[in-house]
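These are the residues of each chain, in order.
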Amino acid sequence: MRLSFPFMKTPFLSYIPFLKALTLLLVAFFASTSAFGRDDNIANVYARGSQTLNGKWRVIVDPYENGFYNHRLQPYDATEPAYAGYFLDRTVTDRTALQEYDFDTAQMLTVPGDWNSQDDKLFYYEGSVWYRRTFDFDATEAQSRQFLHFGAVNYEAHVYLNGRKLGKHVGGFTPFQFEVTDRLQDGQNSLVLMVNNERHKDAVPTLNTDWWNYGGITRDVLLLETPETFVSDFNVTLDSTGEFIEITTQLEGSQLSQEITVEIPELSLSKSVEANAEGYAELRLPTPPDLQRWSPQSPKLYEVVVSSESDRTEDRIGFRTIEVDGRNILLNGEPIFLRGISIHEENPFRGGRAFGVEDAQLLLGWAKELGCNFARLAHYPHSEHMVRVADEMGILLWEEIPVYWTISWENEETLANARSQLKTLVNRDRNRASVIIWSMANETPISEARTMFLKRLVDDTRELDPTRLISAAMEVHSEPGKGDHKIVNDPFGAYTDILSFNQYVGWYDGLPEKIDRVTWEIGDEKPVIISEFGAGALQGKRGDALTRFSEDFQADLYSRTVEMLERIPGISGTTPWVLVDFRSPRRPLAGVQDGWNRKGLIGDNGVRKQAFYVLQDYYEKKKEKANKAKSESEDAP
Ligand code: GCB
């Protein structure tokens, strides 16, 4: 038989643009990370009435993805073809029936929490795990609408409620939600997730990272409720002049033209406005003279209430300005030196991914003790609790997405994924005064495709949030034969507000004595942050200043580096690498690393190393100097 394709009469090449367009459309559709969930998350979930779904969940470890493809158990369903065949939550009652799994008798894991640190057998596991939890829902007591909220699931989640798929989410560190109003049953409900943490070349992050690939439902799971029409989003900021408080609000539901009222009771502020036909409203309030600005010294938060005729929600919000002026970063109009530290979201005492308020208090408490007014939340969005605790404690933040090392720069799906993670992060945290910097990427080798990719992220960020600063942890270069002269000239620096770079002179690049010799050439008149420097040290290991992995080596490197900082033109801060030792599969040296990156200033046992005190001392002096300069300028006539 001869097949004939009519279009074959046209030269194939002429179809290429059409095929490209089709591919892009398909990519855009499938890359949408929550294709079946909500596009934007409900703001401040913690102010909503909710039922926690944290706790013990039943799990089935499924390395061969049997649960997905076992069609014998779930007959093909034409209405949801893509989802046929998964581990249904059902109990076999007929003794003749064959079912080779049972959630009711399966092992349990705690949510939130990664699986790697809860079960030794899952320590290195990368694959699929099915989670199930049942919960009761009382329809007579409930408000009109219900939403499932997941703080984060690493990396891919397929979500099923009462046997029907709600959707899929991709990206391990950002929240996602599904409306379940019509899917809940009065009485018992069953929520099933297939979670997969395999790494992929085209994913964000990509295959290779210097941190542990913790899998699981790693942050809070909540069942939220709202009225039929409700305030789904709001943004409250001090404008760049500091003269106005600017507010935007968004309603969702069928009664969109409602009066919106915003109140800040402590300032006796209240103003109402009609939302437009799309439910959107904008307000501008003159800043009252008694407004106390948020700052690390005085992290003042105000209760802000946003209400409509049908709903009321609230948040605790701080007001401050952040801008750059030449080589300076200005907080509330005054130059600030960012005494920072980089942090991975791990709790060394419990082991594994950190997630709760106490974890945040532990990590940021250590940063405070070190004398920090700033922290870099590396290398992915940390939990919302970290950011809220930073707001309370007065720690400025740098937040970033896992665009790390060698992402697939030319892949449209990868770009869509990175853009989606960034957008979700900005939306989640744009009411947090602590957040001053959005970082686009970490140590990405220079190429045109890379720069274009990152430029797209910058454009998105400036549109989503024009009030904060943009940076990226860039790389440093030297000309051949001139290794002592360091040049920061990444073309991406043209698009950022701050020039930040990671440098490891003395550890990956020579020995610590080299630090005393290096000279710096940093392009453009912008503020400079050294976003990483450091050395590995096993807590308790002694040696001399040349013994690798000894505390003495690390302390010496810190002493020399903080002196060097003072020689860098425009230096506005630093976030040394890193607060606490963290797990990394790239660090196998037995007896020293044992699967840990040892660059922490605090060991995995919680004990501070010598270098902790070197940095603490430096920060104390920087603080004294800044206070002195401030009081002198205040005394000036
Ligand atoms: C880096 C990376 C960081 C690593 C660190 C190291 O430059 O940004 O993720 O953990 O170096 O310890 O090598």
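Residues numbered from 1 in each chain as written. Predicted model: local features only at pLDDT ≥ 70, side-chain atom pairs only at ≥ 80, totals over all residues. Heavy atoms only, no water.

Draft legend 1. Main features of the overall build of the protein. The helix and strand inventory of the protein stands at eight helices and 35 strands. In summary, the protein has a C-alpha radius of gyration of 26 Å against a globular reference of 26 Å for 637 residues, a match within 12%. Projected onto its principal axes, the C-alpha positions of the protein cover 80 × 60 × 60 Å. Put simply, the protein has 637 residues, and 56% of those count as buried. (Helix = DSSP H or I, 4+ residues; strand = E, 2+ residues; numbered from the N terminus. Rg over C-alpha atoms; globule rule 2.2 N^0.38 Å. Buried < 20%, exposed > 50% of the residue type's maximum accessible area, 1.4 Å probe, protein only.)

Draft legend 2. Structural detail: the domain arrangement of the protein. On domain assignment, one finds that the protein holds domain 1 (12-226), domain 2 (243-320) and domain 3 (336-635). If you average the C-alpha positions of domain 2 and of domain 3, the two centres end up 33 Å apart. Facing the 10 residues of domain 2 at the interface are 17 residues of domain 3. Together, the buried faces of domain 2 and domain 3 total about 1,000 Å²; carbon and sulfur atoms form 48% of this surface. Together, Trp294, Pro296 and Arg320 form the three largest contributors to the area buried by domain 2 at its contact with domain 3, with a combined 51%. Between domain 2 and domain 3 we count three salt bridges in total. A salt bridge links Arg316 to Glu392; the shortest N-O distance between them is 3.2 Å. At the boundary of domain 2 with domain 3, the tally comes to seven residue pairs in polar contact (both at pLDDT 80 or more). The residue makeup of the side of domain 2 that touches domain 3, split by class, is five nonpolar, two polar and three charged. (Domains from an automatic or database assignment. Contact = heavy atoms within 4.5 Å. Buried area = accessible area lost by both parts, 1.4 Å probe. Salt bridge = Lys/Arg side-chain N within 4 Å of Asp/Glu carboxyl O. Polar contact = N/O pair within 3.5 Å; in protein donor to acceptor, adjacent residues only side chain to side chain. Nonpolar A, V, L, I, M, F, W, Y, C, P; charged D, E, K, R; others polar.)

Draft legend 3. Representation of the site of the ligand in the model. Among the 14 residues in the neighbourhood of the ligand, the closest are listed as Asp210, Tyr404, Glu443, Tyr508 and Lys599. At a separation of 2.6 Å, an oxygen atom of the ligand approaches a polar side-chain atom of Tyr404. Considered on its own, the ligand offers 320 Å² of accessible surface; in the complex 97% of this is hidden by protein. A class-by-class count of the residues in the shell around the ligand yields five nonpolar, four polar and five charged. (Near = heavy atom within 4 Å. Areas by Shrake-Rupley, 256 points an atom, 1.4 Å probe, with all protein chains shown as cover.)

Draft legend 4. Molecular detail of the environment of Ala354. Take Ala354: it is sitting in the loop between β24 (342-343) and α3 (357-369). Along the backbone, Ala354 and His344 are 10 residues apart, and their C-alpha atoms lie at a distance of 8.9 Å.

Draft legend 5. Quick peek at the sheet that holds strand β30 (residues 499-502). Taken in spatial order, the nine strands line up as β23-β33-β32-β30-β28-β27-β26-β25-β24 in an open sheet, and their pairing is parallel. Lying at the two open borders of the sheet, with one neighbouring strand each, are β23 (338-339) and β24. Contacts from helix α6 (residues 448-464) reach β27 (435-442) and β28 (469-474), with the element oriented near 160° to β27. (Pairing = 2+ DSSP bridges. Axes fitted to C-alpha atoms, helices over the stretch in contact; angles between N-to-C directions.)

Draft legend 6. Geometry of the packing of helix α7 (residues 551-565) against helix α8 (residues 610-635). Contact geometry for α7 and α8: axes closest at 7 Å, N-to-C directions at 20°. Looking at the two axes, α7 sits roughly parallel to α8. As α7 packs across α8, the resulting crossing turns out to be right-handed. Packed against α7, whose contacting residues are Glu551, Asp552, Gln554, Ala555, Tyr558, Ser559, Val562 and Leu565, the element α8 presents Gln610, Ala611, Val614, Leu615 and Tyr618 at the interface. (Parallel < 35°, antiparallel > 145°, perpendicular 65-115°, else oblique. Left-handed = near helix turned anticlockwise from the far one by under 90°.)

Draft legend 7. Quick look at the packing of aromatic side chains. Scanning all chains against the criterion turns up 26 aromatic pairs. Look at Phe123 and Trp212: their rings are 4.8 Å apart centre to centre, the planes differ by 35°, and that puts the pair in the tilted class. A residue pair is termed long-range when its members are at least 10 positions apart, and Phe123 in the loop between β3 (107-111) and β4 (128-137) and Trp212 in the loop between β10 (187-196) and β11 (216-217) qualify at 89 residues. The structure contains a cluster of three or more aromatic residues connected by ring pairs, namely Phe173, Trp211, Tyr380, Tyr404 and Trp405. A cation sits over an aromatic face here: Arg548 above Trp507, 4.6 Å from the ring centre. The ring of Phe337 carries Lys622 above its face, with NZ or CZ at 4.3 Å from the centroid. (Phe/Tyr/Trp six-rings, centres within 6.5 Å; stacked < 30°, edge-to-face > 60°. Lys NZ or Arg CZ within 6 Å of the ring centre and 35° of its normal.)

Draft legend 8. Expanded view of the packing of α3 against helix α4 (residues 384-393). Relative to each other, α3 and α4 sit at 50°, their axes nearing to 9 Å. Regarding the angle of α3 to α4, the classification is oblique. Of the two possible hands of crossing, α3 and α4 adopt the one that is right-handed. Contacts between α3 and α4 involve Val357, Ala360, Gln361, Leu363, Leu364, Gly365 and Lys368 from the first element and His385, Met386, Val389, Ala390 and Met393 from the second. Tallied by class, residues from the contact of α3 with α4 come to eight nonpolar, three polar and one charged.

Draft legend 9. A negative patch on the surface, seen in detail. Together, Asp136, Asp138, Glu141 and Asp186 make up a region of like negative charge exposed at the surface. Within the secondary structure, Asp136 is located in strand β4. (Patch = residues over 30% accessible without salt bridge, like charges linked within 9 Å, V, L, I, M, F, W, Y side chains within 5 Å. Lys, Arg positive; Asp, Glu negative; His and termini not counted. Charge placed at Lys NZ, Arg CZ, Asp CG, Glu CD.)

Draft legend 10. The arrangement of α4 in detail. In terms of burial, α4 is a largely internal element, eight of the 10 residues being buried. Of the residues making up α4, those classed as buried are Glu384, His385, Met386, Val387, Arg388, Val389, Ala390 and Asp391.

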